[in-house]
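Analysis of the macromolecular model
As a plain string of letters, each chain reads:
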Amino acid sequence: MKAATHTVGALAAGSAAIYFNGAPQAVEQDIVQAAVFIGSLMLGGLLPDICQPNSWMGRRLRATSYLVFKLVGHRTLTHSLVGTAIVFILTGLIPGLTGTVIQAGITAGVISHIFLDMLTPKGVHLFFPVRYNVRFPFGKLTGSKPGEFLIFMLLSFFFINGVWQVIG
């Protein structure tokens, strides 16, 4: 998946989370917290690819990306339930309401990223350290430009519809 698809996927996941669970209290009361939530979603949507030096995130944090890639490989720890739990725990250490907003946004973004990569033919090592690829059986779409575009457009629709439901 491309960075744009992961970003819109994270935004769609965030709007779905707000629609089904309600927004974190701080997001409802403060435009700055809403911006923090959106930024956290986008960061979380791109964060798992820190394990890939050629990814959008990897190119910006090249040394870290190279180190993570050499230690655990691509789509392993950063694309797993263990990795998601680590991110959730670490972001939970950020104090205050802003910390809660960041934790919710980054975690939702990471989960959306993993879900989207499960649509690819390669899949992810969801149960890392067990090295078993988990993928959806209908995940052949993402290897093509039309398939990626279709997923991008569907996620964009869900995001816009979710925002409309929240503000409408």
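Some details on the overall build of the protein chain
Regarding its fold elements, the protein chain presents eight helices and zero strands. Along the protein chain, helices (α) and strands (β) appear in the sequence α-α-α-α-α-α-α-α when read from the amino end. Looking at the protein chain as a whole, 45% of its 168 residues qualify as buried. Nonlocal contacts in the protein chain, meaning residues at least 24 apart in sequence, comprise 60% of its contacts between residues at least 6 apart.

Section: the packing of aromatic side chains
The tally for this structure, following the rule as stated, stands at two aromatic pairs. With a centroid separation of 5.1 Å and an interplanar angle of 65°, the aromatic rings of Phe115 and Phe136 are classed as edge-to-face. Pair noted here: Phe115 is in helix α7 (residues 96-117) and Phe136 is in the loop between α7 and α8 (145-167), with a separation of 21 residues, a long-range link.

Some thoughts on helix α1 (residues 3-21)
Owing to its 3.6 residues per turn, the α-helix brings residues three or four apart onto one side. Under the 1.5 Å per step criterion, the end-to-end length of α1 is 26 Å for 19 residues, consistent within 8% with the ideal 27 Å. Here α1 has its buried residues at Thr5, His6, Thr7, Val8, Gly9, Ala10, Leu11, Ala12, Gly14, Ser15 and Ile18.

So, a nonpolar patch on the surface
A surface patch of nonpolar side chains, amounting to about 430 Å² of accessible area, comprises Leu81, Phe127, Val130 and Tyr132. Turning to its location among the elements, Leu81 is positioned in helix α6 (residues 81-91).

A look at unusual backbone geometry
Omega for the peptide link from Phe128 to Pro129 comes to 20°, which places this bond in the cis form. Mapped onto the secondary structure, Pro129 falls in the loop between α7 and α8. One non-glycine residue, Arg75, lies in positive phi territory at about 60°. Locating Arg75 in the fold gives a position in the loop between α5 (62-72) and α6.

Quick look at the side chain of His6
With respect to the element layout, His6 can be found in helix α1. When neighbours within four sequence positions are excluded, His6 is seen to be in contact with Met1, Gly45, Leu46, Asp49, Ser112, His113, Leu116 and Asp117.

Notes on the confidence of the model for the protein chain
Considering every residue of the protein chain, the mean pLDDT works out to 89; 89% of them sit at 70 or more. Averaged pLDDT values over the elements of the protein chain bottom out at 63 in helix α2 (residues 25-29) and peak at 97 in α6.

Focus: the pattern of salt bridges
On inspection of all chains with the given rule, the structure shows one salt bridge. For Asp117, the salt bridge goes to Arg75, with nearest N and O atoms at 3.4 Å. One end of the pair, Asp117, is in helix α7; the other, Arg75, is in the loop between α5 and α6, and 42 residues separate them in sequence. Across the pair, Arg75 and Asp117 agree in class, each one buried.

Details of the nonpolar core
Grouped together as the largest cluster of nonpolar side chains are nine residues: Val87, Ile102, Ile106, Val110, Ile114, Met118, Val124, Leu126 and Val134. Of all the elements, α7 adds the most residues to this core, at four residues. Setting aside chain neighbours within four positions, we find Val87 in contact with Leu47, Ile106 and Val110.

Let's talk about the packing of helix α3 (residues 31-46) against α7
It is the contact of α3 with α7, at a shortest axis distance of 6 Å, that shows an interaxial angle of 35°. By crossing handedness, the relation of α3 to α7 is classed as right-handed. Of α7, the residues touching α3 (which contributes Gln33, Val36, Phe37, Ser40, Leu41, Leu43, Gly44, Gly45 and Leu46) are Leu97, Thr98, Val101, Ile102, Ala104, Gly105, Ile106, Ala108, Gly109, Val110 and His113. Its residues assigned to classes, the contact of α3 with α7 comprises twelve nonpolar, eight polar and no charged.

Cut-offs and rules
Residues numbered from 1 in each chain as written. Predicted model: local features only at pLDDT ≥ 70, side-chain atom pairs only at ≥ 80, totals over all residues. Heavy atoms only, no water. Helix = DSSP H or I, 4+ residues; strand = E, 2+ residues; numbered from the N terminus. Buried < 20%, exposed > 50% of the residue type's maximum accessible area, 1.4 Å probe, protein only. Contact = heavy atoms within 4.5 Å. Phe/Tyr/Trp six-rings, centres within 6.5 Å; stacked < 30°, edge-to-face > 60°. Expected span 1.5 Å × (residues − 1). Patch = residues over 30% accessible without salt bridge, like charges linked within 9 Å, V, L, I, M, F, W, Y side chains within 5 Å. Areas by Shrake-Rupley, 256 points an atom, 1.4 Å probe, with all protein chains shown as cover. Salt bridge = Lys/Arg side-chain N within 4 Å of Asp/Glu carboxyl O. pLDDT = per-residue confidence, 0-100. Core = buried A, V, L, I, M, F, W, Y, C linked by side-chain atoms within 4.5 Å. Axes fitted to C-alpha atoms, helices over the stretch in contact; angles between N-to-C directions. Left-handed = near helix turned anticlockwise from the far one by under 90°. Nonpolar A, V, L, I, M, F, W, Y, C, P; charged D, E, K, R; others polar.

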